[in-house]
Every structure is written in structure tokens, then in C-alpha cells.
Amino acid sequence: MTAATRARLEKLERAGHDPGSSELHVVLCWLVRDDIPIDDGELNAARRRAMFVLAAGGDPHRDLGLDSVAAERPADELDTPERRGQLEAALAELPVDDLPAVAAAAESLRADPDLAWRSFALSLLADELADE
């Protein structure tokens, strides 16, 4: 992990997020997104379909939850055992030793692979929304 990643983790800790917050889970997954290789074509297609689902439901820039259909779609489409393993490994590599809230959030993601995968998928969708 880079010094920039550590700085982001420290900033998350200072923000005072509840370790169980979906926002913290999604950000942690976003930080490790580059450690889970996904073909650009496959990723872009899954994001595009999720954006169509999101737009069909109203404002495509509204807040999304982990259980929203738009977030579940890329989670289902991109899910493989190998990618889940890569996500778990990447979360385990985060330098969170002296960051109690962030460490607890990372541990909860590692303990619940479904939560981790949905959080990861939502981070990919949020990344797409941020680019617009």
C-alpha cells in the first residue's frame, strides 16, 4: 500500500465513521479496487447496465444503498470466487493496525464476504458516478 492510501485511512479514522457504516465499507473497498483486476470492457458494460437501472428508477445521482437494485446488478455480474478472494486479500493488506474504527470496518468486511462484495460493487458504481 502507498503512503497516499495510509493517509486516506487516517483521514477516515479521524472522520469518526461508525465501523458498521456502509459509507466506510464502500470507501475501504474503493481504496483496494485496483487490486481486483477486471477487464475494462466487462467493467464498463456492468457499470453501464447499472446506470440504466439507476436512471430508470429516477435521479441517477441519488444516494445508493448496498441493497439497491442498481448496486446489486454489478455485484452479480462481476462476481467470481477469484475476485472475492482478491478482495479479501486486499482488505487484509490495508495498514489499519492503529486505526480502531477503520480496522473494525475492514474486519467486518473480511468476516462477511457478501457484504464486502456488495460494498466493492457499490464502490465501482460510485466511481462511475463521480466521473460524470
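Scroll up for the structure.
**What about the nonpolar core?**
Membership of the largest hydrophobic core comes to 29 residues, with the highest contact counts inside it found for Leu9, Leu28, Leu87, Leu91, Val102 and Phe120. For this core, the secondary structure elements donating two or more residues are helix H1 (3-15), helix H2 (22-31), helix H3 (40-56), helix H4 (69-78), helix H5 (81-93), helix H6 (100-111) and helix H7 (113-131). In this structure Leu91 touches Leu28, Val32, Leu109, Arg110 and Ala116, once residues within four positions along its chain are discounted. Among the nonpolar cores identified, the runner-up in size contains five residues, and Met51, Leu54, Ala70 and Leu125 belong to it.

**Considerations on H1**
Each α-helix winds once per 3.6 residues, and so residues spaced three or four apart point in a common direction. Its 13 residues give H1 an end-to-end C-alpha distance of 18 Å, which sits within 8% of 18 Å, the value for a rise of 1.5 Å per residue. Among the residues making up H1, those that are buried are Thr5, Arg6, Leu9, Leu12 and Glu13. Angularly, the buried residues of H1 cover 120° about the axis, an arc narrow enough to put them on a single face. Exposed and oriented more than 90 degrees from the buried face of H1 are Ala3, Lys11, Arg14 and Ala15. Turning to H1, the residues buried within the fold contact H2 and H6. Downstream of H1 by one or two residues, Gly16 has phi in the positive range, about 75°.

**Considering the packing of aromatic side chains**
Taken as a whole, this structure holds one aromatic pair when the rule is applied. Taken together, a centroid distance of 5.0 Å and an interplanar angle of 40° make the contact between Trp117 and Phe120 tilted. With Trp117 and Phe120 both in helix H7 and three residues apart, the pair spans about one turn of that helix. Residue Trp117 shares its accessibility class with Phe120, and that shared class is buried. Positioned above the aromatic ring of Trp30 is the side chain of Arg33, whose terminal nitrogen or guanidinium carbon lies 3.9 Å from the ring centre.

**Looking at H6**
For H6, built from 12 residues, the straight-helix expectation of 16 Å at 1.5 Å per residue is met to within 8% by its first-to-last C-alpha distance of 16 Å. For H6, the full list of buried residues reads Ala101, Val102, Ala105, Ala106 and Leu109. Angular distribution of buried residues about the axis of H6 spans 135°; they occupy a single face of the element. In this structure, H6 carries Pro100 and Ala111 as exposed residues pointing more than 90 degrees from its buried face.

**Re the pattern of salt bridges**
Applying the stated criterion to the full structure yields eight salt bridges. Note that Arg84 and Asp114 form a salt bridge whose closest N and O atoms lie 2.9 Å from each other. Separated by 30 residues along the polypeptide, Arg84 in helix H5 and Asp114 in helix H7 bring together distant segments of the chain. Arg84 gets classed as partly exposed once you look at its relative accessible area, which sits at 24%. The class of Asp114 is partly exposed, set by a relative accessible area of 43%. Members of the salt-bridge network, linked through shared partners, are Arg6, Glu10 and Asp98.

The rules we used
- Residues numbered from 1 in each chain as written.
- Predicted model: local features only at pLDDT ≥ 70, side-chain atom pairs only at ≥ 80, totals over all residues.
- Heavy atoms only, no water.
- Core = buried A, V, L, I, M, F, W, Y, C linked by side-chain atoms within 4.5 Å.
- Buried < 20%, exposed > 50% of the residue type's maximum accessible area, 1.4 Å probe, protein only.
- Helix = DSSP H or I, 4+ residues; strand = E, 2+ residues; numbered from the N terminus.
- Contact = heavy atoms within 4.5 Å.
- Expected span 1.5 Å × (residues − 1).
- Arc of directions from axis to C-beta.
- Phe/Tyr/Trp six-rings, centres within 6.5 Å; stacked < 30°, edge-to-face > 60°.
- Lys NZ or Arg CZ within 6 Å of the ring centre and 35° of its normal.
- Salt bridge = Lys/Arg side-chain N within 4 Å of Asp/Glu carboxyl O.

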